[in-house]
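# Remarks on the overall topology
If you want the building blocks of each chain, they are given just below.
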Amino acid sequence: MPLAFFVAIALVKAGASYTIASMKIERIDLYHISMPLVSPFGTSFGTQSQRDSLVLALHSAGLTGWGECVATNDPGYSYETAVTAWHILSDFLIPSVLGRDLGEPEEMIGWLTAVRGHPLAKAALDQAAWDITSQRDGLSFAQKLAQPYPEGPKARVNVGVSIGLQPTIAATLQVIEEKLGEGYGRIKLKIKPGRDIELARAARQAFPGVPLMLDANSAYTLDDVALFQAMDDLDLLMLEQPLGHEDIYDHSRLRPQIQTPLCLDESITSFDHARFAQAIAACDIINIKPARVSGWTEARRIHDLGRAAGLPLWIGGMLETGIGRAAQLALASLPGITLPGDISATSRYYEHDIATPFFLNAADSTIDVPNGLGLGIEVDGARLKEVTLREKSFVKRET
Ligand code: OSB
Ligand code: MG
């Protein structure tokens with residue numbers, strides 16, 4: 001056999017990019033899905049037990065890139081819902097990208113600027129662009145995302161678990177015990193007015209050495225400073241988003257009055273908001289949720305900013321399916337992500353997911369970052385069909 005033959009086979013096996021010269025976006029399939037959560041998830045803005053979301057499949061050059069839109073049934077965390085995201089994706093975002101030639105994934109978000117806001121809808125297309133170009137280049141999503149960093153992606157990342165509001169303090173302590181037993185090394189508790197300081201005190205008292213943090217999801221104002229000061233001696237890892245979801249300034253006023261490190265979630269909807277927060281010292285830590293900032297391209301810019309500024313960073317979650325979770329793990333593998341993420345095992349969310357399940361490494365509270373091509377997961381087509389409420393395929397209309 002000629003040597004060239006073996007070289008060609010080796011290149012094909014490595015998924016070398018020379019085989020695909022152009023990636024015209026040929027078709028996008030959009031699915032509105034609905035899956036029961038294994039247990040209801042209660043926050044200061046409401047309780048969820050059936051989780052709606054959207055997933056999409058972007059087809060080009062014989063490859064498929066997957067993206068998840070984490071907008072859900074109600075506009076509690078974000079103004080977007082699965083229904084508004086369906087509208088924005090089908091009527092504006094998807095038509096604006098069909099037929100385009102995708103070179104690098106960073107181009108995608110640039111194509112979507114004619115639509116203001118709607119970061120969760122945009123993030124689904126951004127994710128699919130990263131997935132499909134990683135596959136094309138013979139890389140995992142994490143490898144492609146980590147290309148600018150000489151150290152490359154981490155192979156496994158530290159994770160914790162986010163525990164929703166429970167009916168009683170006793171029930172909360174029981175869930176904490178259960179999650180610690182499963183191997184989670186960091187506990188986050190949701191709080192809301194009237195369900196805060198006693199809960200936090202009881203948790204700290206029952207579990208003295210456990211890394212513990214609180215997430216208020218914007219339920220308080222500066223009138224509550226004394227309440228947050230009363231938490232100073234609880235040795236909390238951080239207090240997440242106590243004040244308004246659009247606020248940055250009031251957080252900068254709260255921060256010097258409390259000992260607990262202050263983390264922003266809802267307020268950081270873009271690189272610019274991260275820059276503003278850093279400029280006025282509004283937080284000690286940033287929770288980067290790729291969907292909240294319109295995707296992985298923007299999330300990585302925030303990663304770079306936080307890293308340069310010495311701000312500890314971690315990756316937040318939105319009760320993703322395996323499709324979104326795989327991409328969260330890739331983001332968490334970047335070198336500036338230093339704190340455990342809200343990225344739990346599949347079994348914490350869904351009994352029967354639409355993609356390959358993720359498991360917790362109980363010995364060190366980590367999850368392995370997928371290392372297959374792209375997202376490195378299999379989507380279970382039969383399960384996807386079962387949980388789909390509606391689906392639509394989009395191809396470019398000839399003019
Ligand atoms: O504020 O971090 C949040 C879930 C839905 C909406 C908002 C939040 C959350 C979580 C759960 O805390 C994170 C996860 O495990 O996916
Ligand atoms: Mg949060």
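Residues numbered from 1 in each chain as written. Chains lettered and ligands numbered in written order. Predicted model: local features only at pLDDT ≥ 70, side-chain atom pairs only at ≥ 80, totals over all residues. Heavy atoms only, no water.

What follows deals with the state of the cysteines. A complete count under the given rule lists zero disulfides for this structure. In this model Cys 263 remains outside any disulfide bridge; the closest cysteine sulfur is found in Cys 283, 7.2 Å from its own. (Disulfide = S-S within 2.5 Å.)

Another aspect to go through is the packing of helix 4 (residues 119-136) against helix 11 (residues 296-309). Where helix 4 contacts helix 11, the axes come no closer than 8 Å and their chain directions differ by 85°. In terms of their interaxial angle, helix 4 and helix 11 are classed as roughly perpendicular. Mapping the contact onto sequence places Ala 123, Asp 126, Gln 127 and Trp 130 in helix 4 and Trp 296, Thr 297 and Arg 300 in helix 11. Here the residues of the contact of helix 4 with helix 11 sort into three nonpolar, two polar and two charged. (Axes fitted to C-alpha atoms, helices over the stretch in contact; angles between N-to-C directions. Helix = DSSP H or I, 4+ residues; strand = E, 2+ residues; numbered from the N terminus. Parallel < 35°, antiparallel > 145°, perpendicular 65-115°, else oblique. Contact = heavy atoms within 4.5 Å. Nonpolar A, V, L, I, M, F, W, Y, C, P; charged D, E, K, R; others polar.)

Here the focus is the coordination of the magnesium ion (ligand 2). Those donors, Asp 215 (OD), Glu 240 (OE) and Asp 265 (OD), are the protein atoms that reach the magnesium ion (ligand 2), and they lie 2.1 to 2.3 Å from it. Within one chain, the residues serving as donors to the magnesium ion (ligand 2) are arranged as D-x24-E-x24-D. With Asp 215 in strand 7 (residues 212-215) and Asp 265 in the loop between strand 9 (262-264) and helix 10 (271-279), the pair connects residues that are 50 residues apart, well separated along the chain. Given a relative accessible area of 0%, Asp 215 falls into the buried group. (Donors = N, O, S within 2.8 Å, 3.2 Å for Na, K, Ca; no water. Buried < 20%, exposed > 50% of the residue type's maximum accessible area, 1.4 Å probe, protein only.)

Two elements in contact, helix 6 (residues 169-182) and helix 7 (residues 197-206), have axes separated by 10 Å at closest approach and are oriented at 40°. The angle between helix 6 and helix 7 places the two elements in the oblique class. The way helix 6 lies across helix 7 gives a crossing that is right-handed. Contacts from Ile 169, Thr 172, Leu 173 and Ile 176 of helix 6 reach helix 7 at Glu 198, Leu 199, Ala 202, Ala 203 and Ala 206. Across the contact of helix 6 with helix 7, the residue classes break down as seven nonpolar, one polar and one charged. (Left-handed = near helix turned anticlockwise from the far one by under 90°.)

Moving on: the environment of Val 70. The residue Val 70 is located in the loop between strand 3 (63-69) and helix 2 (82-97) in this model. Accessibility expressed as a relative area gives 3% for Val 70, which makes it buried. For Val 70, the residues in contact, after removing those within four places along its chain, are Arg 51, Leu 120, Ala 291, Met 318 and Glu 320.

Turning our attention to the domain arrangement of the protein chain. What the domain assignment reports for the protein chain is domain 1 (3-138 + 382-395) and domain 2 (156-368). Relative to domain 2, the C-alpha centre of domain 1 lies at a distance of 25 Å. At the interface, 32 residues of domain 1 touch 37 residues of domain 2. Between domain 1 and domain 2, a total of about 2,900 Å² is buried, with carbon and sulfur atoms accounting for 66% of that surface. When the area that domain 1 buries against domain 2 is broken down by residue, the three leading residues are Phe 41, Ser 44 and Tyr 77, summing to 23%. Inspection of the domain 1/domain 2 interface yields one salt bridge. The residue Arg 300 makes a salt bridge to Glu 106 at a minimum N-O spacing of 2.9 Å. Counting across the interface, domain 1 meets domain 2 through 15 residue pairs in polar contact (both at pLDDT 80 or more). (Domains from an automatic or database assignment. Buried area = accessible area lost by both parts, 1.4 Å probe. Salt bridge = Lys/Arg side-chain N within 4 Å of Asp/Glu carboxyl O. Polar contact = N/O pair within 3.5 Å; in protein donor to acceptor, adjacent residues only side chain to side chain.)

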